[in-house]
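As a plain string of letters, each chain reads:
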Amino acid sequence: MSDTFFTASPHWTWYIILYFFVGGIAGGAYFLAAMLAWFGRPEDRPVIRTAYSLAFWGILISGALLTIDLGRPLRFWHMLIQSNNVPTPMFKSWSPMSFGSWAILLFGLCAGLSIVGAWWDEGRVKLVAARPFRSGTLLAKLIAGLGGALGFFVAGYTGILLTVTNRPIWADSPWLGALFLASAASTAAAALILLAPRRGASASSLAWLRAFDMRALVVELIILVVFVAWVWPIRQVWLGIWGLVLLVGVVGAGIMWPLQLHARGKVGVAPAGAWRNPAVMVLLGGLLLRVVILMASSGITHERVTALGR
Amino acid sequence: MIAISRQRPAAEPMGFFTDTTVCIGCKACEVACKNWNQLPATDGGVAEMSGDSYDNTRKLDGMHWRHVKFIEQFSAPYEGRWLLMSDVCKHCVQAGCLEVCPTGAIIRTEFDTVVIQSDTCNGCRACIAACPFGVIDINAVSGTAQKCTLCYDRLGVGLEPACSKACPTDSIQFGTVAELRARAQKRVTQLQAQGVNARLYGDDPNGPLGGLNAFFLLVDKPEVYGLPSNPQMPSSRLKKTSALSVAAAAVLGVLALVGIRKRRMDEQELIDV
């Protein structure tokens, strides 16, 4: 019997599932924008601006979800400031949640500055103070570099946070951080494929996104297989309904099917019907992956394991 | 200044030694704990029976800081035994909850016990997932994580904790950890001489988590009592999972760059043609 079976569930459910999903897209989108800002071409700027929008609004929504999930939401600032020693910062480098709180704050700042630059590019902001953040400047690139690293951290630390517990499934494998990171990359690319055409993305940019999405999906699939092999010894407690959702919803509908659709589809041509659209299916798979990982562990208690006779 | 370092205080560590062989399941400890700490009733006091056991408390949580476990080992009617154990926070020497708490709400006191400061906790629940024993949970009234404080307020004025004070059989014994370990060792030797399969759980300072300040005498495997045989600190997994995540990030970064480079080369080929 795994030692993780003797622990209690932290009741991280729908707010946290949504946060993991939205935060992953926000971080992954900013990472892709940073790659294009540094190594892409001017014609990639519509995709970059779309990614900045996704990152900015995504991280705002993430912050709201995290706050309302707290038992005492008005004390959210205790994560950042020592409440009985104001204004001394509260920071524990060895605690993923503490590290993550600061990463979300700093990533939010980068996303905020980058979106101001994107709005300047689009003529939506006329303030002179916004000018230094416009596309192509050294300052914008530096912010993109820092934000890209922070974005990828935000996308992946959630898996690390789950592993650095004593809960079943989460603590039984070291691969969750890598899995969530790969999933964040694929879902971010999928979200950009869906949204960037509205901002005038070029066919070349969209082709790059599609190629990256396919590669990220393959990486995600490989990590997922290794992860499942790792938690196979405790399959008795998760293989039921959640195992089915993982196989059909995540692997089948969310990875294999969109890989095939991507390979067959044409760039810039939106297929009819959501289930034929690889980007939509990738997003669905990314959401289901987080649902399975969170909910499968939540239901496991020592009493239930004992009742199962394991 | 709140204590967020991992250093232990110099004061004499205090704790519990629970001898499960003399527990009679009277639940006086549960009642005394609830009474002293003014813990509210679940569901406004509407009694909910477990239906399959005399144990209606079922588990430790934010409103039950003591829990008397009733373990039935019966092969047939009248053939078997009851194992009774008053469970509580172990006040681990290396505490996973204290380690992960992002607000600094969980502190180590001068008695080497682990206490959650309710006015600092914001209910993030990281400690619940980190505890290897499933001790902590949210108190529905305060909205914060709560658990046994080893009656920190009573210790401060020289009183012993309410549960051990109320225990009629001395199954729960309170004292300095060093003294309790010596007493426990004597008791194990005595029981083993009588042919009882007695063992101590959590008394070894060189064992998992650096030992437990609330440790137990058991007569069966730890798993039978709902205790992990080898409890771990959550951070024991941090390096490996972080390294794998960084490796995955590097792979994805390289794949993105490969795509950009391939696009450039394809377009160059078209221009050349």
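None of the values given here were measured: they were computed from a predicted structure.

This next bit is on helix H1 (residues 14-39) of chain A. Here H1 of chain A spans 37 Å end to end across 26 residues, near enough to the 38 Å set by a 1.5 Å rise per residue. Counting buried positions along H1 of chain A gives 21 out of 26 residues, so the element sits mostly inside the fold.

Our next topic: the interface of chain A and chain B. With 57 residues of chain A at the contact, the number on the chain B side is 55 residues. Of all the secondary structure elements, the ones that give two or more residues to the side of chain A that touches chain B are H1, helix H3 (96-121), helix H4 (138-163), helix H5 (176-195) and helix H6 (203-231) of chain A. Considering every element that reaches the side of chain A that touches chain B, the biggest residue donor is H6 of chain A, with eight residues. When grouped by side-chain class, the residues that make up the side of chain A that touches chain B number 31 nonpolar, 20 polar and six charged.

A few words on the packing of H1 of chain A against H4 of chain A. All names here are of chain A. Where H1 contacts H4, the axes come no closer than 7 Å and their chain directions differ by 150°. Between H1 and H4, the interaxial angle falls into the category roughly antiparallel. In the packing of H1 onto H4, the handedness of the crossing is left-handed. Taken together, the residues of the contact of H1 with H4 break down into 14 nonpolar, nine polar and one charged.

The pairing of strands in a sheet comes from backbone hydrogen bonds and takes either a parallel or an antiparallel form. Residue and element names in this part refer to chain B. Ordered in space as S8-S1-S10-S9, the four strands form an open sheet in which the pairing is mixed. The open sheet terminates on both sides in strands that have one partner only, identified here as strand S8 (172-176) and strand S9 (199-201). Across the sheet, the mean angle separating the axes of adjacent strands is 25° when strand polarity is ignored. Where strand S1 (residues 14-19) and strand S10 (residues 214-218) come together, four bridges link them in parallel fashion. Each bridged residue has a counterpart across the sheet, and for Thr18 the counterpart in S10 is Phe216. Sheet contacts for helix H6 (residues 177-193): S1, S8, S9 and S10; angle to S8, the most-contacted strand, approximately 135°.

Here we take up the pairing of S10 of chain B. Residue and element names in this part refer to chain B. Summarising burial for S10: five of the five residues are buried, a large majority. Neither face of S10 is open: one carries Ala214, Phe216 and Leu218, the other Phe215 and Leu217, and all of them are buried. Note: S9 against S10, three bridges, orientation antiparallel. Its bridge partner being in S10, Arg199 is matched across the sheet by Leu218.

This next bit is on unusual backbone geometry. For residues besides glycine, phi is generally negative; the peptide bonds are generally trans as well. For the bond from Val86 of chain A to Pro87 of chain A, the omega torsion is 5°, close enough to zero to count as cis. Summarising the element assignment, Pro87 of chain A is placed in the loop between helix H2 (45-69) and H3. Of note in the backbone geometry, His91 of chain B takes a positive phi value of approximately 45° without being a glycine.

Working note: α-helix, 3.6 residues per turn, so residues spaced by three or four point in the same direction. In a regular helix each residue adds 1.5 Å, so 35 residues correspond to 51 Å; helix H7 (residues 238-272) of chain B covers 51 Å between its end C-alpha atoms and thus fits that length. Where H7 of chain B is buried, its residues touch H1, H4, H5 and H6 of chain A.

All names here are of chain B. Counting through the fold element by element, His91 comes out in the loop between strand S3 (79-87) and helix H2 (96-100). Placed 123 residues apart in sequence, His91 and Ala214 show a C-alpha to C-alpha distance of 6.1 Å. Beyond its immediate chain neighbours, meaning those up to four positions away, His91 contacts Gly15, Thr113, Val114, Leu150, Leu212, Asn213 and Ala214.

This paragraph deals with the confidence of the model for chain B. Residue and element names in this part refer to chain B. In the predicted model, chain B carries a mean pLDDT of 93, and 96% of its residues have values of at least 70. Long-range and interchain partners of residues 1-6, a stretch whose pLDDT sits below 50, account for 10 contacts in this model, where long-range means more than four residues apart. Scored as a whole, the predicted complex attains pTM 0.93, and scored at its interfaces, ipTM 0.93.

Remark: H6 of chain A packs on H7 of chain B, axes separated minimally by 10 Å, with the N-to-C direction vectors making an angle of 150°. One element, H6 of chain A, and the other, H7 of chain B, form an angle in the roughly antiparallel class. Crossing angle aside, the handedness with which H6 of chain A passes H7 of chain B is right-handed. In this structure, H6 of chain A uses Ser204, Trp208, Ala211, Phe212, Arg215, Ala216, Val219 and Ile223 of chain A to contact H7 of chain B, whose residues at the interface are Ala248, Val251, Leu252, Leu255, Ala256, Gly259, Ile260 and Arg263 of chain B. Along the lines of polarity and charge, the residues of the contact of H6 of chain A with H7 of chain B split into 12 nonpolar, two polar and two charged.

Conventions we followed
- Residues numbered from 1 in each chain as written.
- Chains lettered and ligands numbered in written order.
- Predicted model: local features only at pLDDT ≥ 70, side-chain atom pairs only at ≥ 80, totals over all residues.
- Helix = DSSP H or I, 4+ residues; strand = E, 2+ residues; numbered from the N terminus.
- Expected span 1.5 Å × (residues − 1).
- Buried ≥ 20, exposed ≤ 12 C-beta atoms within 10 Å, placed from the backbone.
- Contact = placed C-beta atoms within 7 Å.
- Nonpolar A, V, L, I, M, F, W, Y, C, P; charged D, E, K, R; others polar.
- Axes fitted to C-alpha atoms, helices over the stretch in contact; angles between N-to-C directions.
- Parallel < 35°, antiparallel > 145°, perpendicular 65-115°, else oblique.
- Left-handed = near helix turned anticlockwise from the far one by under 90°.
- Pairing = 2+ DSSP bridges.
- pLDDT = per-residue confidence, 0-100.

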